[in-house]
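A closer look at the structure
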Amino acid sequence: DYVIEVIKSRDFFSSIADDNFIEMLINKNISNTINLENNFDDIYFSYLESLKINKNNIGNIIKIEFLSAEPLNAKLILEKIIQELNKQEIDKEKNKINNSINFLDSQKEQILLQKFSKDRINNVINEKLSALAIVFQSQEYLVEVLDSPRISYKPTKPHKKVFVFLFVMFSTLSHIIILLI
């Protein structure tokens, strides 16, 4: 739930919405014709419309899809979403752990006066340092990719056969009506 809400948030979108991302999103070369600040809501809603997120409650597995006319763009956008989400969460966790270590370090003298052993304090600091090392090593901290994004060579939209069939049926019916009149 947290991951889904972060991905859909405006703050997260603004963190990934550079010119290259927007070009991939709208499938056009913007070349300074689109100003993100003036068109933020339009581009953001386009992002949300193309983003499909489903959650499987059994294993807390989240399936993220991105619909785009260009399969390569969809793949690159998904990779950027996952990479940025993990990066932001790693940065948050690093800050929390660093703040904890700094706090313990700054309070060491006071804690020692309160009859805590120096070894106990050092053990807590070492635990925090170990946690920090794990965070630094992990590239997939919050979201782990089970099935990496791939380029689909079979288009999901538009359904050209359906459009052709409907066009043929409509034109045939209109010719029959015209001939009867």
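Scope of this entry: the structure provided in the associated data block. (Residues numbered from 1 in each chain as written. Predicted model: local features only at pLDDT ≥ 70, side-chain atom pairs only at ≥ 80, totals over all residues. Heavy atoms only, no water.)

1. Section: the packing of aromatic side chains
- Under the counting rule described, the total for this entry stands at nine aromatic pairs.
- On the numbers, 6.1 Å between centres and 65 degrees between planes, the contact of phenylalanine 13 with phenylalanine 21 is edge-to-face. When sorted by exposure, phenylalanine 13 lands in the same class as phenylalanine 21, which is buried.
- Grouping aromatic residues by their ring pairs yields a cluster made of Phe13, Phe21, Phe40, Tyr44, Phe45, Tyr47 and Phe66. (Phe/Tyr/Trp six-rings, centres within 6.5 Å; stacked < 30°, edge-to-face > 60°. Buried < 20%, exposed > 50% of the residue type's maximum accessible area, 1.4 Å probe, protein only.)

2. Some thoughts on the side chain of glutamate 84
- When you line up the elements, glutamate 84 lands in helix α5 (residues 71–106).
- Contacts of glutamate 84, omitting those with residues within four sequence positions, involve Phe12, Ser15 and Ile16. (Helix = DSSP H or I, 4+ residues; strand = E, 2+ residues; numbered from the N terminus. Contact = heavy atoms within 4.5 Å.)

3. Notes on the nonpolar core
- Counting 25 residues, the largest nonpolar core has Ile7, Phe13, Phe21 and Tyr47 as the members making the most contacts within it.
- Examining the composition of this core, we find that five residues originate from one element, α5, more than from any other.
- Sequence-distant contacts of tyrosine 47, defined by excluding residues within four places in its chain, comprise Ile7, Phe12, Phe13, Ile16, Phe21, Leu25, Phe66 and Ile81. (Core = buried A, V, L, I, M, F, W, Y, C linked by side-chain atoms within 4.5 Å.)

4. Remarks on the pairing of strand β2 (residues 61–66)
- By the bridge criterion, six bridges tie strand β1 (residues 51–56) to β2 in an arrangement that is antiparallel. Its bridge partner being in β2, leucine 51 is matched across the sheet by phenylalanine 66.
- The turn linking β1 back onto β2 is made up of four residues, and asparagine 60 within it adopts a positive phi angle of 50 degrees. (Pairing = 2+ DSSP bridges.)

5. Concerning the side chain of serine 50
- For serine 50, the position within the fold is in helix α4 (residues 36–50).
- A relative accessible area of 13% means that serine 50 is categorised as buried.
- Within the structure, the side chain of serine 50 is placed 3.1 Å from the backbone oxygen of serine 46, a separation counted as a polar contact.
- Setting aside residues no more than four positions away along its own chain, serine 50 makes contact with Glu65, Phe66 and Leu67. (Polar contact = N/O pair within 3.5 Å; in protein donor to acceptor, adjacent residues only side chain to side chain.)

6. Let's talk about the packing of helix α3 (residues 19–26) against α5
- Contact geometry for α3 and α5: axes closest at 9 Å, N-to-C directions at 135 degrees. In terms of orientation, α3 and α5 fall into the oblique class. Like other packed secondary-structure pairs, α3 and α5 cross with a definite hand, here left-handed. Contacts between α3 and α5 involve Phe21, Met24 and Leu25 from the first element and Asn73, Leu76, Ile77 and Lys80 from the second.
- Grouping the amino acids of the contact of α3 with α5 by side-chain chemistry returns five nonpolar, one polar and one charged. (Axes fitted to C-alpha atoms, helices over the stretch in contact; angles between N-to-C directions. Parallel < 35°, antiparallel > 145°, perpendicular 65-115°, else oblique. Left-handed = near helix turned anticlockwise from the far one by under 90°. Nonpolar A, V, L, I, M, F, W, Y, C, P; charged D, E, K, R; others polar.)

7. A few points about the environment of phenylalanine 66
- Structurally, phenylalanine 66 is set in strand β2.
- For phenylalanine 66, a relative accessible area of 7% translates into the label buried.
- For the pair phenylalanine 66 and isoleucine 53, spaced 13 residues apart in sequence, the C-alpha separation works out to 8.7 Å.
- Contacts of phenylalanine 66, omitting those with residues within four sequence positions, involve Leu25, Tyr47, Ser50, Leu51, Ala74, Ile77 and Leu78.

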